[in-house]
Amino acid sequence: MSATRRGFLAGIGLAGTVGLEAAPSAIEMPKRTLGKTGIKVTVLGFGCMTTSDPTVIEQAADAGINWFDTARGYQNGNNERMVGAALKSRRDKLHITSKTPGKTKAEVLANLDTTLKELQTDHIDVWYLHSRSTPAAAPDELFDAQDEAVKAGKVRFKGVSFHSGHKEMIPFLIEKKRTDVLLMSYNFTMDPELDTLIDKANAAGMGIVAMKVMAGGFRQNKQGSPMFEKLSKTGTMAAALKWAVRRPAIHTSIPGIMDADQLDENFKAVAAGYRKEVDDKLLAAQLKFISPLYCRFCGSCSGKCAQGLPVSDIIRYVSYAEGYGEFALGRENYQTLPENLQQVKCGDCTNCSINCPNGVRVAERVARAQEMFA
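This is a predicted model, so every value here is computed, not measured.

Reading guide: rules and limits
Residues numbered from 1 in each chain as written. Predicted model: local features only at pLDDT ≥ 70, side-chain atom pairs only at ≥ 80, totals over all residues. Heavy atoms only, no water. Helix = DSSP H or I, 4+ residues; strand = E, 2+ residues; numbered from the N terminus. Contact = heavy atoms within 4.5 Å. Areas by Shrake-Rupley, 256 points an atom, 1.4 Å probe, with all protein chains shown as cover. Phe/Tyr/Trp six-rings, centres within 6.5 Å; stacked < 30°, edge-to-face > 60°. Buried < 20%, exposed > 50% of the residue type's maximum accessible area, 1.4 Å probe, protein only. Lys NZ or Arg CZ within 6 Å of the ring centre and 35° of its normal. Salt bridge = Lys/Arg side-chain N within 4 Å of Asp/Glu carboxyl O. Core = buried A, V, L, I, M, F, W, Y, C linked by side-chain atoms within 4.5 Å. Domains from an automatic or database assignment. Pairing = 2+ DSSP bridges. Expected span 1.5 Å × (residues − 1). Arc of directions from axis to C-beta. Polar contact = N/O pair within 3.5 Å; in protein donor to acceptor, adjacent residues only side chain to side chain.

Trainee: Residues and numbers for the overall build of the chain, please.
Mentor: Regarding its fold elements, the chain presents 15 helices and 10 strands. Intrachain contacts of the chain at a sequence separation of at least 6 include 74% that bridge at least 24 residues. Here the chain displays about 15,800 Å² of accessible surface, and carbon together with sulfur accounts for 51% of that area.

Structure below.
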């Protein structure tokens, strides 16, 4: 066992153990039932999108985390391969989920076969139709593909993920009755009315998984960097994670975890729980600082750019680079835009047609993406 790994396990009371079953933990990770799936999931899951070190994934599994999330497109397809190798020896003790960006039935089923091969498994626990922010992005043929995958034993449960469009997608999927698990953006910056929709999804038996819980992931700014003093206040990211899982209606979360320090911070935060008298103040200050920078996925800008740009998505790509410290991830996503949209320059417009109700400096943020990624 490496010194780093031993240090993390010692920090949470697991030094010398293989897992929570081997010895009592000084910190117990709570579990919740994932809707009608019946799966008992650790409230802290592991979002593998930004992870490049497989030993961190192994450490998380050793610490008792049992929910790991990847996707066909992460790291140009290499993320699934890494996750599969890291978790192969533990496969029967934990749950792995993945996603497809495919647009047709044939395409998503081909994605699934590749996913299973890369993960070195014969099934995944939840298979998501990825980033479907409108009902039009989830046609019946894709739900049919999910049904076939379940029948074939390749998938246990069916999911849909979305970054925005909550007010449209949640009622749509509840009424559709073809989805077991929802994976959605959920953090302290978002409309409080979203909780009512989440409760309705719970009542319909759906599992709820929270992503983008850090509201931009600004803890990647290191001391001495230009944004550190404003955006990386001690304890803020832990407070953001605790806020996201404070309600039992959120069954698990998948924050990105890049190293043992983040794993340790996340583990302790979730186990400790939200402390309103302290954490409310931290998050109020953070919201003030990030409001000009961070898109809250409210959907008010959808379809309003005069040049046809998907504004919310582009601002999210900037946050990958500046918040997560993942320039390649931001650029990779930006380059999925149609070629004509990649050529658009905000400087060519005399006035921006979008006025964000939450104070995001839209023209500046989109221009920043064009500067960095084009």
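Now that the structure has been shown, the text picks up again.
Trainee: Please provide a residue-by-residue account of the packing of aromatic side chains, values included.
Mentor: The geometry of an aromatic ring pair is captured by two quantities: the separation of the ring centres and the angle between the planes. Scanning all chains against the criterion turns up six aromatic pairs. When the ring of Phe327 is compared with that of Phe373, the centres are 5.6 Å apart and the planes differ by 45°; the resulting orientation is tilted. Residue Phe327 is found in helix 13 (residues 327-334), and its partner Phe373 is found in helix 15 (residues 362-373); the two are separated by 46 residues along the sequence. Looking at Phe327, the relative accessible area reads 40%, which means it is partly exposed. According to the relative accessible area criterion, Phe373 is buried, its value standing at 1%. An aromatic cluster of at least three residues, connected via ring pairs, comprises Phe327, Tyr334 and Phe373. The lysine or arginine in question, Arg246, covers the ring of Trp243, its NZ or CZ lying 3.8 Å from the ring centre.

Trainee: Tell me about the pattern of salt bridges, and please be specific about residues and values.
Mentor: Any two side chains of opposite charge can pair, given that their charged atoms come close. Taken as a whole, this structure holds 25 salt bridges when the rule is applied. Of the charged contacts in the structure, one is a salt bridge between Asp144 and Arg178, with a shortest N-O distance of 2.6 Å. Residue Asp144 is found in helix 5 (residues 140-151), and its partner Arg178 is found in the loop between helix 6 (166-176) and strand 8 (181-185); the two are separated by 34 residues along the sequence. With a relative accessible area of 31%, Asp144 lands in the partly exposed category. The closest approach of N and O atoms between Lys276 and Asp280, which form a salt bridge, is 2.8 Å. A residue pair is termed a helical-turn pair when its members lie 3 or 4 positions apart in one helix, as Lys276 and Asp280 do in helix 11 (residues 276-290) at four residues.

Trainee: Kindly report on the nonpolar core, identifying the contributing residues and their values.
Mentor: Core analysis: the biggest nonpolar cluster contains 98 residues, and Phe46, Ile57, Phe68, Leu173 and Leu182 have the highest contact counts within it. A total of seven residues in this core trace back to one element, the largest contributor, which is helix 12 (residues 311-322). Two domains each provide a minimum of three residues to this core, namely domain 1 (31-289) and domain 2 (311-373). Phe68 has contacts with Phe46, Cys48, Ile57, Ala60, Ala61, Leu87, Leu94, His95, Ile96 and Thr97, leaving out every residue within four places of it along the chain.

Trainee: Describe the sheet that holds strand 7 (residues 155-162), naming the residues involved and giving the relevant values.
Mentor: The sheet built from eight strands is open, its strands ordered 3-4-5-6-7-8-9-10 with parallel pairing. Single-partner strands in this sheet number two, and they are strand 3 (46-47) and strand 10 (252-253). As defined by bridge partners, strand 4 (residues 67-69) adjoins strand 5 (residues 95-100) across three bridges and the pair is classed as parallel. Paired with Asp69 across the strands is Thr97, a residue of strand 5.

Trainee: Requested: an account of helix 11, with residues and values cited.
Mentor: Look at helix 11: 20 Å from first C-alpha to last across 15 residues, which is about the 21 Å you get at 1.5 Å a residue. Turning to helix 11, its buried residues number three or more, namely Asp279, Leu283, Gln286 and Ile290. Looking straight down helix 11, one finds its buried side chains confined to an arc of 60°; they lie on one side. Turned more than 90 degrees off the buried face of helix 11, the exposed positions are Glu277, Lys281 and Lys288.

Trainee: Can you tell me about the side chain of Lys99, naming the residues and giving the values?
Mentor: Topologically, Lys99 is positioned in strand 5. Classification of Lys99 by relative accessible area gives buried; the value is 1%. Separated by 2.9 Å, the side chain of Lys99 and the backbone oxygen of Thr70 make a polar contact. A polar atom in the side chain of Lys99 sits 2.9 Å from the side chain of Tyr74. Setting aside residues no more than four positions away along its own chain, Lys99 makes contact with Asp69, Thr70, Ala71, Arg72, Tyr74, Trp127, Tyr128, His130, Ser161 and Leu183.

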